[in-house]
Amino acid sequence: MLKNSFLLCTGECYLHVPVQQPIFICKKRNRSIKSAAAAAAAVAYNATSSSAAAAASNLEISSASSPSSFPLFQTPSSLQPTPASELEPADPDFYKIGYVRSVRAYGIEFREGPDGFGVYASKDVEPLRRARVIMEIPLELMLTISQKTPWMFFPDIIPVGHPIFDIINSTNPEIDWDLRLACLLLYAFDCKDNFWTLYGDFLPSADECTSLLLATEEDLLELQDHNLASTMREHRQRALEFWEKNWHSAVPLKIKRLARDPERFIWAVSIAQSRCINMQTRIGALVQDLNMLVPYADMLNHSFQPNCFFHWRFKDRMLEVMINAGQRIRRGDEMTVNYMSGWKNNLFMQRYGFSSPVNPWDVIQFSGGARIHLDSFLSVFNISGLPEEYYHNTGRLSNNGYNFVDGAVLAAARTLPTWSDGDVPPIPSIERKAAKELQEECQLMLAEYPTTAKEDQQILDSMPEARRTLEAAIKYRLHRKLLIEKVIQALDVYQEQILF
Amino acid sequence: MVSSISPAWVLCQDNGISRRIVSVDGSVAKRLHLQGSKTSFARAFVTSIWQLKVGLHHSSGNVRLLPCIKCENSNKEGSSFEQVSVEPPPYHSYLDSTSGQLEPASGARASIPGQEFWPEGTASRVRAARAPEPMGASTTSPSYGQNPGSRRKKYKASVASSETSETSGVPDIPDDVLEEPKELLSEYVVYQSEPEEENLSHYEMDKKIGRPHPFIDPKAKKPVEEPLTSEELWWNWRKPEKEQWSRWQRRRPDVETVFLKAMAETGQIKLYGDHPTMTETSLYRARRHIYKEERLKAEQERLERIGPLAYYSEWVKAWKRDTSREAVQKHFEETGEDENTQLIEMFTHQTDREYRIMMGTDVRIRRDPLAMRMREDQIKEIWGGDPVYPTINYIQDPDAVIDFRGPDFHEPTPDMLAYLKEHGKIISREELEMKLAKEKTEELEMTDMDEAMAQAVDIGENDDEGEESDDGEEEKISRNWSILKSNPELRKSKGKPKNNNLSLEEAIDDSENLTDFLMDFEEDE
């Protein structure tokens, strides 16, 4: 099932914009947007970038006018190309090394775009009553450390008395989980016959990582966020000090060869940070909170509306990746998980090296006293649920083509200063006035940035061969501005459609 | 029909257990079945027998067992068998009301239940086993942790571009260092990569496949000769030479053998081979007996020569008086106390310890130095291991069916009377009467009470009977022998039951026991 679906790629380019999921961000492990076409599609959600929208509509028109697109006239065996099929399939050995170690992948394929790996469905999956397994990874292939002392490793690859254990043991149990995991990863690379010596070839190398640990000083300045930049400097400094302390010239060779230069160690830390999965596992009767590096499962990208999740199957000690129950999957859909719920963009940037313009948990700090009526705002945008779990009522009250509401609007609903006082109705004129005040505040925020969103976009387009970290940094500030702009638009819509 | 079906079959290995012909798509098999049920599909296939086992349906959760179809060929070119016309069954399949589907009328009628009825975990295992192996060959080779990210496509492109510009050869890892041969040629396991070519004979092939075949290979089969009658068998039976056909024929490690081996190890004697032969054993037994007899006789002579008082004063340290015959006689003349009275008088001065030493019951005296020096396993060979936790040489295998027949069970029963006579266990009436008459005369002669008294005092090794009872008790110890070894005073604390049910051999061997020999041996040292 992994091998045959991409054999029939035609030259035509079909662009399937996933309209059923307006709040959908696919983020690559290394960059936020997978390819040029997908970038256009992603940007096409925003009405601001008109040129990209025009490009996307051109593509749609061309695909609609091509004769063979009518499904009945196509032979059933030929598979329609999807956005995923433009990406390159992963190396065959990528599957083989796992298959012989009883990793199983069902109905998915790993594809590699210019921004790194992603997992895509290779066939349609009807909505099922129960969660459906798409990947099984045995514990023996993972690298895990217990989150608290005593340090336990499953599988225990560190021999008794090895000095790497002393290094791991010297870390701070509360905060240094990434350093521990990096040590373990480097040690696994040094172990003969360890699976990670093979799998490591498919991890992003140092120049493909977007983690800001690997960023240069000018990259950090490009963030236009002093707090984040100083945090990243501290993190980098912490990793460097750790390396200098434990990899000084007098250490034995078996430690020294793990990371001869600090770059390799910082790379390992960035891998550990961006690919760590924290899970509670159960092995026999032993319940453990683990920091785990899970091969294959770490190729899943993040989405705020994920269609997959992780599940620990304790019976045979496997990590299962399962499709959400009741989720319909189309062939070529990207399989995504939610890395962290409730994190702001700067935390995502700090740990994973990506950000999103539609993060529903992003926060804008308003300092003025203006407030809008919460319930009116929610009803205008057809948002339901409690504040912790706002969601857009797609298809019930609004028509399907209406895809203005995305994660940014949910973020606005959370972050805008609002009032709500029982049944007291809002007065429209006062509401409009408050909305305008908020818009002005947002404009002030935008004016504080040295560049505008359009300029950022142009900078991005002008240098396709830029460093990954620089690209990520520019995207981060771009996404911040896009969010603020989206809030301004949402307030516009609110003023128009407020109920009387 | 054949051409439409043939691409649909793939040969797929089902979990390594059996090879089946499995339909990829269940609908094809269904169509085949429906078509076959309409026409008589006896002439469908060219090959002689096609047995289709239809695998489980893939996509639908409901698993059906599609009918087994057996086709006979009609052309007689390979007709090694007689064409039998069997009345075909009235139906090939029937609609099972339980499953609601067509079920085969022959073979396994119970269909495999649906996936939702499988036990927990079965579905995932089946799914994992069915996952096809990934195909395709990689063009890159692993860097084994040295170069992370080296097998990404993007990485490769950038490296290739830089390589063309720099023209610096990256040292290529040879292609044999790939993942695949490493897996196949493990250090310990050599996997059989391709099936072994085997040329089986017709019979073996039949047997392997499971076609009907005779029980015995007709080539190896020999005609059965006319069997002898049981009477002839009885009289023609010959004892097999040197054939151990029961483990009970094994020579058991008896006391003599073990002792001989221990003596040979310590260099006291020399054995011809590893194990003492029967001759050596019996020689040893006889010699031991003779030594014992000699010693007992010498003791008796000494007693008679120096008199009982002098003889036993060895064990009465407190008796300082002169014990020579003259002194005894003198004392008798002075006080009128005869020898017996003096002896009793002397024994009143004997301490408890001296008494025990004299009777041979003092544990502090090492009586059998060799047995004390024997290794643990040798002792266990004699006494067996602990029966609760059998260690070594546990002869009585608890699961064994006891074969009471010895290797000589077919030999004629020995003449017991002659045997007993020869060994002096039985005597004729005349002899008995002669002895009785002699004893009567002896009794008349035996007026000397002193001598009788002297005889009555018993030192341990003087009496065969006492030794025999010792021996019997020692042989009876079958459990916790190691405790008894470490503190042997426990042995004496028990009563001395006389075992009356001695077998014949034990009765023969009763006089030759371990301790006696060892005491002789000690003296020789």
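Treat the numbers as computed from the prediction; the structure is a model and nothing was measured.

## Considering the environment of Ser122 of chain A
Next up, step 1: Assignment of secondary structure puts Ser122 of chain A in the loop between β4 (116-121) and β5 (132-138).
Next up, step 2: When the C-alpha atoms of Ser122 of chain A and Arg331 of chain A are compared, they prove to be 5.1 Å apart, with 209 residues separating the residues in sequence.

## Digging into the environment of Glu314 of chain B
Residue and element names in this part refer to chain B.
Next up, step 1: One can find Glu314 in the loop between α10 (308-312) and α11 (325-335).
Next up, step 2: Residue classification places Glu314 among the partly exposed positions, given a relative accessible area of 39%.
Next up, step 3: Separated by 40 residues in sequence, Glu314 and Glu354 have C-alpha atoms that sit 9.3 Å apart.

## Thoughts on the interface of chain A and chain B
Next up, step 1: Residue-level contacts link 41 residues of chain A with 33 residues of chain B.
Next up, step 2: Roughly 3100 Å² of surface becomes buried between chain A and chain B when both sides are summed, with 50% attributable to carbon and sulfur atoms.
Next up, step 3: If you look at where chain A meets chain B, you find three salt bridges.
Next up, step 4: Here Arg127 of chain B and Glu136 of chain A are joined by a salt bridge, their closest N and O atoms 2.9 Å apart.
Next up, step 5: Sorting the residues of the side of chain A that touches chain B by element identifies β1 (88-89), α3 (92-99), β4, β5, α6 (195-199) and α10 (262-275) of chain A as the ones contributing at least two each.
Next up, step 6: At six residues, the largest contribution of residues to the side of chain A that touches chain B is made by α3 of chain A.

## Description of the nonpolar core
The tendency in soluble globular proteins is for nonpolar side chains to be buried as a group.
Residues and elements named next belong to chain A.
Next up, step 1: Phe110, Met135, Trp196, Trp247, Phe265, Tyr296 and Met335 are the most contacted members of the largest nonpolar core, which totals 100 residues.
Next up, step 2: Per-element accounting of this core gives the leading share, eleven residues, to helix α5 (residues 177-190).
Next up, step 3: Counting 36 residues, the second-largest nonpolar core is a separate cluster that includes Ala435, Ile488, Leu491 and Val493.

## Structural notes on a nonpolar patch on the surface
Residue and element names in this part refer to chain B.
Next up, step 1: The grouping of Ile427, Leu432 and Leu436 at the surface amounts to a nonpolar patch, some 230 Å² of accessible area in total.
Next up, step 2: Among the structural elements, Ile427 can be located in the loop between α16 (416-422) and α17 (429-445).
Next up, step 3: Taking relative accessible area as the criterion, Ile427 reaches 35% and is therefore assigned partly exposed.

## What about the sheet that holds strand β7 (residues 276-283) of chain A?
All names here are of chain A.
Next up, step 1: On the basis of which strands lie adjacent, the open sheet formed by three strands has the order β6-β8-β7 and antiparallel pairing. For this open sheet the edge positions go to β6 (143-146) and β7, each flanked by a neighbour on one side alone. Direction aside, neighbouring strands of the sheet carry axes that sit 40° apart on average.
Next up, step 2: Here eight bridges tie β7 to strand β8 (residues 286-293), and the two strands are oriented antiparallel to one another. Pairing of Thr281 across the sheet is with Gln288, part of β8.
Next up, step 3: The strands touched by α5 within the sheet are β6, β7 and β8, with β6 carrying the most contacts at an inclination of about 145°.

## Topic: the confidence of the model for chain A
Residue and element names in this part refer to chain A.
Next up, step 1: Within chain A, residue pLDDT values average 83, and 82% of them lie at 70 or more.
Next up, step 2: Within chain A, strand β12 (residues 336-337) carries the highest mean pLDDT (96), whereas helix α1 (residues 36-43) carries the lowest (37).
Next up, step 3: Counted against residues more than four places away or in other chains, residues 1-78, with its pLDDT under 50, gives 137 contacts.

## Some remarks on unusual backbone geometry
Residues and elements named next belong to chain A.
Next up, step 1: With an omega of -5°, the peptide bond running from Thr149 to Pro150 counts as cis.
Next up, step 2: Mapped onto the fold, Pro150 is located in the loop between β6 and α4 (163-169).
Next up, step 3: Here the bond from Phe154 into Pro155 is cis, since omega is -5°, no more than 30 degrees from zero.
Next up, step 4: On the secondary structure map, Pro155 appears in the loop between β6 and α4.
Next up, step 5: At Asp193, a residue that is not glycine, the phi angle is positive and equals roughly 65°.
Next up, step 6: Inspection of the secondary structure assignment puts Asp193 in the loop between α5 and α6.
Next up, step 7: Positive phi values are uncommon outside glycine, yet Gln224 reaches one of about 55°.
Next up, step 8: Residue position: Gln224 is located in the loop between α7 (217-222) and α8 (226-246).

## Comments concerning the packing of aromatic side chains
All names here are of chain A.
Next up, step 1: Throughout the structure, instances matching the rule amount to 32 aromatic pairs over all chains.
Next up, step 2: Ring centres of Phe195 and Tyr199 lie 5.7 Å apart, and the angle between their planes is 25°; this geometry places the pair in the stacked category. Of this pair, Phe195 and Tyr199 both sit in helix α6, four residues apart, which is roughly one turn of that helix. Tyr199 matches Phe195 in its accessibility class, with the two residues each being buried.
Next up, step 3: An aromatic cluster is present here, built from Phe94, Tyr95, Phe110, Phe117, Phe195, Trp196, Tyr199, Phe202 and Tyr296 joined pairwise through their rings.
Next up, step 4: A cation over an aromatic ring shows up here: Arg282 above the ring of Phe314, its NZ or CZ 3.7 Å from the ring centre.
Next up, step 5: Sitting over the ring of Phe404, Lys486 keeps its end group 4.0 Å from the ring centre.

## Focus: the sheet that holds β1 of chain A
Residue and element names in this part refer to chain A.
Next up, step 1: Strands sit in the order β1-β3-β4 across an open sheet of three strands; the sheet is antiparallel. Both edges of this open sheet fall to β1 and β4, since each of them pairs with a single strand only.
Next up, step 2: Note: strand β3 (residues 108-113) against β4, six bridges, orientation antiparallel. Residue pairing across strands places Ile108 opposite Ala121, the latter belonging to β4.

## Examining the pairing of β4 of chain A
Next up, step 1: Within β4 of chain A, six of the six residues are buried, which leaves the element mostly enclosed by the surrounding structure.
Next up, step 2: Counted between consecutive antiparallel strands, the loop separating β3 of chain A from β4 of chain A contains two residues.

Each value, and the rule that gives it
- The written sequence of each chain sets the order in which its residues are numbered from 1.
- Chains carry letters and ligands carry numbers; both start at the beginning, A for chains and 1 for ligands, and go up in the order they are written.
- For this predicted model, a pLDDT threshold of at least 70 governs which residues receive local features, and a threshold of 80 or more governs which side-chain atom pairs are given and counted, while totals over whole chains, interfaces and linings are taken from all residues.
- The basis for every side-chain value is the complete set of heavy atoms in the structure, and neither hydrogens nor water enter the calculation.
- Strands are runs of DSSP state E lasting at least 2 residues, helices are runs of H or I lasting at least 4, and numbering of each runs from the N terminus.
- Exposure categories follow from relative accessible area, calculated using a 1.4 Å probe and restricted to protein chains: below 20% of the type maximum is buried, above 50% is exposed, and the middle band is partly exposed.
- Note on contacts: a residue pair is in contact if any heavy atoms of the two residues lie within 4.5 Å.
- Note on definitions: buried area is the accessible-area loss of two parts on being combined, 1.4 Å probe, summed for both.
- By salt bridge we mean one thing: a side-chain nitrogen of Lys or Arg within 4 Å of a carboxyl oxygen of Asp or Glu.
- Residue types Ala, Val, Leu, Ile, Met, Phe, Trp, Tyr and Cys, when buried and joined through side-chain atoms within 4.5 Å, form a set referred to as a nonpolar core.
- Nonpolar side chains (Val, Leu, Ile, Met, Phe, Trp, Tyr) are joined into patches within 5 Å and like charges within 9 Å, using only residues with over 30% relative accessible area and no salt bridge.
- Only the protein chains shown count as covering a residue, and every accessible area follows the Shrake-Rupley method with a 1.4 Å probe.
- Strands pair, by our definition, only if DSSP identifies at least two bridges between them.
- Every angle, taken between N-to-C directions, lies between 0 and 180 degrees, and every axis is a line fitted to C-alpha atoms, over only the stretch in contact when it is a helix.
- Confidence of the prediction at every residue is given by pLDDT, a number between 0 and 100.
- Here a Phe, Tyr or Trp ring, Trp counted by its six-membered ring, pairs with any other such ring whose centre lies within 6.5 Å, and the pair is stacked when the planes are under 30 degrees apart, edge-to-face when over 60, and tilted otherwise.
- Here, a charge over a ring is recorded when the distance from Lys NZ or Arg CZ to the ring centre is within 6 Å and its angle to the ring normal is within 35 degrees.

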